[in-house]
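# Report on the structure
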Amino acid sequence: MSDTTKPKRYRMISAFYKERYGEKAYKIPVALPLTCPNRDGSAGVGGCTFCGEIGAGYENRPASMTVKQQIDETVVHIAKKYKAYKYIPYFQNFSNTYLPLEKFRQYVEEACLEHVVGIAIATRPDCVHDAYLDILKDIQNKYGIDIYVELGLQSVNYHTLQKVNRGHTMAEFIDAVLRIKRYGFEVCAHMILNLPWDTMDDVIEGAKTLSALQVDQVKLHALYLVKNTKMARDYEAGEFTLISAEEYARRVVEFLRYLDPKIVLQRLVGRAPEENTIFTNWSMGWWRVQDLIDQIMEDEDISQGSGYDYLHGAAVQKFL
């Protein structure tokens, strides 16, 4: 398991929360009864080729429960286990700004309970309308909490976005980030660094693009293949192969090398239960993949931002 005694060469979310809130804070997943425009025909049908029927919510409680019930049940479990007493409800599954405005307000306000210090909203770039941002701003002012908006991007390669049926392009992502930042909210971008059609050049360009856009946080995933998805079927049919764990670790290291050192990492490896997948983290624990990443960075003396020297007119710096 990862050595927690060594200082990390990248900026992790746990340290960020302690800096901001003075103690440990814990994200609590919340599921809502909603869907996605890439499923119901508004932006596409079938959803992303890697997305299962329950989306990303493997750790969620049922969406039939109220928001307060979900939070209360989770708090009972994690407060004692993790000694965390400040919370960030995380509206995780599908596109959480894809529902009527008053329903959206109702759900988010229901999460503004005692000891809640922030709200995290996961959604798609093409679902970020100012009307929802206005509601979030009202709630932020009313309850004095932080707002985090998490956007699925996965790749900066527009060919790959088409391959996985994302239903949006880089333009929508850039637009969403710029508008969210104008509201003063924090932006987290989700990236999958081992999509079969991406190369190391795409990985590095992803780090550079997110840095130039001044996103606040990044969540990295290692691709897992959910049973009964199009991507799983294509993999079983031999239509593509996946890189090794060692190559994934190298991609993460290069991504971090070019990433703005101020950006916070929520995680470096995704997780999913093996019973729902045909491929998950090379059949090894997520911490073993993280160990590979840490070892490369240690051996080669690489830290987050080691290669962050390409913005702010870098080409003319020798004259200044």
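The following paragraphs examine the structure supplied in this document.

Rules used throughout
Residues numbered from 1 in each chain as written. Predicted model: local features only at pLDDT ≥ 70, side-chain atom pairs only at ≥ 80, totals over all residues. Heavy atoms only, no water. Buried < 20%, exposed > 50% of the residue type's maximum accessible area, 1.4 Å probe, protein only. Helix = DSSP H or I, 4+ residues; strand = E, 2+ residues; numbered from the N terminus. Pairing = 2+ DSSP bridges. Right-handed = clockwise from strand over helix to strand, strands pointing away. Phe/Tyr/Trp six-rings, centres within 6.5 Å; stacked < 30°, edge-to-face > 60°. Expected span 1.5 Å × (residues − 1). Bend = angle between axes of the 7 residues up to and from the residue. Contact = heavy atoms within 4.5 Å. Axes fitted to C-alpha atoms, helices over the stretch in contact; angles between N-to-C directions. Polar contact = N/O pair within 3.5 Å; in protein donor to acceptor, adjacent residues only side chain to side chain. Core = buried A, V, L, I, M, F, W, Y, C linked by side-chain atoms within 4.5 Å. Patch = residues over 30% accessible without salt bridge, like charges linked within 9 Å, V, L, I, M, F, W, Y side chains within 5 Å. Areas by Shrake-Rupley, 256 points an atom, 1.4 Å probe, with all protein chains shown as cover. Salt bridge = Lys/Arg side-chain N within 4 Å of Asp/Glu carboxyl O.

### Concerning the pairing of strand E4 (residues 146-154)
Burial analysis of E4 places 8 of its 9 residues in the buried class, which makes it a mostly covered element. Across 6 bridges, strand E3 (residues 118-123) lies against E4 in parallel orientation. Note that in E4 the partner of Ile121 across the bridge is Val149. A crossover links E3 with its parallel partner E4, the connecting element being helix H4 (residues 130-143), and its sense is right-handed. Where E4 and strand E5 (residues 186-192) come together, 6 bridges link them in parallel fashion. Paired with Gly152 across the bridge in E5 is His190.

### Side note on the packing of aromatic side chains
Per the counting criterion, the structure on display carries 13 aromatic pairs. Between the aromatic rings of Tyr17 and Tyr21, the centroid separation amounts to 6.1 Å while the plane-to-plane angle is 40°, which identifies the pairing as tilted. With Tyr17 and Tyr21 both in helix H1 (residues 13-21), this residue pair falls 4 residues apart, about one helical turn. Note on accessibility: Tyr17 and Tyr21 belong to one class, buried. For the ring pair Tyr235 and Phe279, a centre distance of 6.5 Å and an interplane angle of 55° mean the geometry is tilted. Separated by 44 residues along the polypeptide, Tyr235 in helix H8 (residues 230-236) and Phe279 in strand E9 (residues 277-279) bring together distant segments of the chain. A relative accessible area of 29% places Tyr235 in the partly exposed class.

### As for helix H2 (residues 67-82)
Over its 16 residues, H2 extends 21 Å from the first C-alpha to the last, a length consistent with the 22 Å expected when each residue adds 1.5 Å. For H2, the principal kink sits at Val75 and spans about 30°. Among the structural elements, strand E1 (25-30), strand E2 (86-91) and helix H3 (101-110) are those in contact with the buried residues of H2. A positive backbone phi angle near 50° is found at Lys83, which sits one or two residues after H2.

### Here we look at the pairing of E5
Within E5, 7 of the 7 residues are buried, which leaves it mostly tucked inside the rest of the structure. Burial of the side chains of E5 extends over both faces: Glu186, Cys188, His190 and Ile192 are buried on one face and Val187, Ala189 and Met191 on the other. Taken together, the 5 bridges between E5 and strand E6 (residues 217-221) define a ladder with parallel strand orientation. Looking at E6, one finds that Cys188 is bridged to Gln217. Tracing the backbone out of E5, into helix H7 (residues 200-212) and back to the parallel element E6 gives a crossover that is right-handed.

### A look at the sheet that holds E4
Overall, parallel pairing links the 7 strands, which are arranged E1-E2-E3-E4-E5-E6-E8 in an open sheet. In the strand order of this sheet, the two ends are held by E1 and strand E8 (264-267), each with one partner. With strand direction ignored, the average angle separating the axes of adjacent strands in the sheet is 25°. The sheet strands contacting H2 are E1 and E2, and the helix crosses E1 at an angle near 145°.

### A word on the environment of Asp72
For Asp72, the location among the structural elements is in helix H2. Exposure remark for Asp72: the relative accessible area of 33% places this residue in the partly exposed category. In this structure the side chain of Asp72 is engaged in a polar contact, spanning 2.6 Å, whose partner is the side chain of Lys68.

### Description of the nonpolar core
Counting residues in hydrophobic clusters, the biggest one holds 86 residues, and the most contacted among them are Ile119, Leu220 and Phe255. For this core, the element with the most residues is helix H9 (residues 245-258), which contributes 7 residues. Residues contacting Phe255, with those up to four places away along its chain left out, are Leu193, Val203, Gly206, Ala207, Leu210, Val218 and Leu220. Formed by 12 residues, the second largest nonpolar core is a distinct cluster that contains Val117, Ala122, Tyr148 and Val264.

### Observations regarding a nonpolar patch on the surface
A cluster of nonpolar side chains, Val316, Phe319 and Leu320, forms an exposed patch at the surface whose accessible area comes to about 400 Å². Note that Phe319 resides in the segment after helix H10 (286-299). The exposed category is assigned to Phe319, whose relative accessible area is 64%.

### Comments concerning H9
Think of an α-helix as turning once every 3.6 residues; residues three or four places apart then point the same way. Here H9 spans 20 Å end to end across 14 residues, near enough to the 20 Å set by a 1.5 Å rise per residue. Buried residues of H9: Ala245, Tyr248, Ala249, Arg251, Val252, Val253, Glu254, Phe255 and Leu256, and no others. Contact partners of the buried residues in H9: H7, E6, E8 and H10.

### Remarks on the pattern of salt bridges
Where charged atoms from two side chains of opposite charge approach closely, those side chains can pair. One pass over the full model with this rule turns up 24 salt bridges. Its salt-bridge partner being Asp301, residue Arg9 comes within 3.1 Å of it at the nearest N-O pair. Taken together, the positions of Arg9 in the segment before H1 and Asp301 in the segment after H10 put the pair 292 residues apart, joining distant regions of the chain. Judged by relative accessible area, Arg9 falls into the partly exposed class, the value being 22%. The exposure class of Asp301 is exposed, given its relative accessible area of 57%. Here Arg20 makes a salt bridge to Glu186, at a shortest N to O gap of 2.7 Å. Taken together, the residues span a long stretch of sequence, with Arg20 in helix H1 and Glu186 in strand E5 at a distance of 166 residues. Through salt bridges with shared partners, one network takes in Arg250, Glu254, Arg257 and Glu300.

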